[in-house]
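# Overview (structure and organization)
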Amino acid sequence: MPPMSRRDFIRTSAFGLAATAAGELGFPAPASARVALVRLGAGGRAEAIRRAVDLFGAPDLRGKRVSIKPNFNSAHAYPGSTHNDTLLTLAQLSSEWGAEWITVADRSGMGSTRQVMDEKGVFELGEAHEFDVLPLPELAADHWSHIRHPDLHWQDGFYFARVFQETDALIQTCCLKTHRFGGHFTLSLKNTVGMVAKTVPGVDHDFMRELHGSRHQRRMIAEMNLAYEPTLVVMDAVKCFTSRGPEAGPTAEPNLILAATDRVALDAVGVAILRDHGTTPEVSAGAVFEQEQIARAAALGVGVGEPEQIEIVTADLESGRYADRLMEILRA
């Protein structure tokens, strides 16, 4: 039996069913991927995000319901969490692109999600700019899809927030940082962890304890990404944590905004940026596509499988030269 399509996997799992226990797990691998790379200019984040999205290609959101997934693992200052200017710009762009309904949803890993969102001022932003804010741990059991398959490294699958599956378009925004609790790095693939339940009413299991206690943690992170396909992913790499993380650590300033839909390609470029600025032994080890998060996600067809399939698109000569440097790191 051939691998199931993304659409079929998402449609099947959205109803809380096992994802075809018979047959091979995964999607047909994409043949290529583009990653837009823009340097921060005088116009700040808002301008850089708009330029990156224009370079990549803005989605058509006319009449659509849009969910935005930020990185609100904690309320620590950027790059420990999504910068509010980034979140606001993506909400404003969604409105400009025609979205009829926007919700910002996440689950924090450090502390209460509602408290994190409150400390970040997200509820106030939502009221001022007319988007909904949803703390995922407050959802009832029937708002989670149970996604399981015998080839996953999870004991009995995981629960994924249905708001992200039932929306018409999903925009994800991640930071650029290392992760000292076993992930090694937390970019777009790992940002998906905030879409997955820690606990579900009526289910006696702590899924995050399982994740962080497993030697397969990085493979399990990749597997979560089977549950959805993003409309757009924006990486805010104006600053980054080069070690420690995810909430604090030594910083560098790449001064970049990146946009893509292929999470493997985007994370591979992100790892190359971290390596260019000097990072941890774990993130520096081996070829970029041998990193476990990336290798497992590529094997599942979540994204491309090798550097040669990535095209970094830029708008100026200096950025083009830096893209060439990143490609050299990716191929090393």
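Everything discussed here concerns the structure shown above.
Heads up: these notes are all about the structure in this document.

Rules used throughout
Residues numbered from 1 in each chain as written. Predicted model: local features only at pLDDT ≥ 70, side-chain atom pairs only at ≥ 80, totals over all residues. Heavy atoms only, no water. Helix = DSSP H or I, 4+ residues; strand = E, 2+ residues; numbered from the N terminus. Expected span 1.5 Å × (residues − 1). Buried < 20%, exposed > 50% of the residue type's maximum accessible area, 1.4 Å probe, protein only. Polar contact = N/O pair within 3.5 Å; in protein donor to acceptor, adjacent residues only side chain to side chain. Axes fitted to C-alpha atoms, helices over the stretch in contact; angles between N-to-C directions. Parallel < 35°, antiparallel > 145°, perpendicular 65-115°, else oblique. Contact = heavy atoms within 4.5 Å. Left-handed = near helix turned anticlockwise from the far one by under 90°. Nonpolar A, V, L, I, M, F, W, Y, C, P; charged D, E, K, R; others polar. Phe/Tyr/Trp six-rings, centres within 6.5 Å; stacked < 30°, edge-to-face > 60°. Lys NZ or Arg CZ within 6 Å of the ring centre and 35° of its normal. Core = buried A, V, L, I, M, F, W, Y, C linked by side-chain atoms within 4.5 Å.

## Details of helix H10 (residues 263-277)
Turn by turn, an α-helix covers 3.6 residues, leaving residues three or four places apart pointing in a common direction. With 15 residues, H10 extends 21 Å between its outermost C-alpha atoms, agreeing within 8% with the 21 Å of an ideal straight helix rising 1.5 Å per residue. Most of H10 is tucked away: 13 of the 15 residues are buried. Between a side-chain oxygen at the N-terminus of H10 and the backbone nitrogen of Val-264 the separation is 3.0 Å; the capping residue is Asp-262. Directly after H10, the chain includes Gly-278, whose backbone phi takes a positive value near 85°.

## A closer look at the packing of H10 against helix H13 (residues 317-331)
Contact geometry for H10 and H13: axes closest at 9 Å, N-to-C directions at 95°. Of the possible angle classes, the one that applies to H10 and H13 is roughly perpendicular. Of the residues in H13, those touching H10 at Ala-268, Val-269, Ala-272, Ile-273, Arg-275, Asp-276 and His-277 are Tyr-322, Arg-325, Leu-326, Ile-329 and Leu-330.

## Brief notes about the packing of helix H9 (residues 217-224) against helix H12 (residues 292-299)
Between H9 and H12, whose axes approach to 8 Å, the crossing angle comes to 40°. Comparing the axis directions of H9 and H12 gives the class oblique. As H9 runs across H12, the sense of the crossing is right-handed. Residue-level contacts link Arg-218, Arg-219, Ile-221, Ala-222 and Glu-223 of H9 to Glu-292, Gln-293, Arg-296 and Ala-297 of H12. Its residues placed into classes, the contact of H9 with H12 shows 3 nonpolar, 1 polar and 5 charged.

## Overview of the packing of aromatic side chains
For the structure on display, the rule yields 4 aromatic pairs. Arranged with centres 5.4 Å apart and planes meeting at 65°, the rings of Tyr-159 and Phe-207 form a pair that is edge-to-face. Taken together, the residues Tyr-159 in strand E6 (residues 158-161) and Phe-207 in helix H8 (residues 207-213) connect sequence positions 48 residues apart. Residue Tyr-159 is classed as buried on the basis of its relative accessible area, which comes to 13%. Residue Phe-207 is classed as buried on the basis of its relative accessible area of 4%. Cluster of aromatic residues (ring-pair linked, three or more members): Phe-160, Phe-164 and Tyr-228. One Lys or Arg, Arg-263, reaches over the ring of Tyr-228 and ends 4.4 Å from the middle of that ring.

## Observations regarding unusual backbone geometry
Here the residue pair Tyr-78 and Pro-79 is connected by a cis peptide bond, since its omega of 5° sits within 30 degrees of zero. Note that Pro-79 resides in the loop between strand E2 (65-69) and helix H3 (84-96). Of note, the amide linkage connecting Gly-245 to Pro-246 takes the cis form, showing an omega dihedral of 15°. Of note, the phi angle at Glu-130 is positive, near 60°, even though the residue is not glycine. Within the secondary structure, Glu-130 is located in the loop between helix H5 (122-129) and strand E4 (132-135).

## A short note on the nonpolar core
Among the nonpolar cores identified, the biggest contains 73 residues, and Leu-258 and Ile-310 are the most heavily contacted of them. Considering every element that reaches this core, the biggest residue donor is H10, with 9 residues. Once residues lying within four places of it in the same chain are set aside, the contact partners of Leu-258 are Val-35, Ala-36, Leu-37, Val-233, Val-234, Met-235, Ala-237, Leu-266, Val-269 and Ile-273. One finds Ala-99, Val-104, Leu-125 and Cys-175 within the second-largest nonpolar core, a separate group that totals 37 residues.

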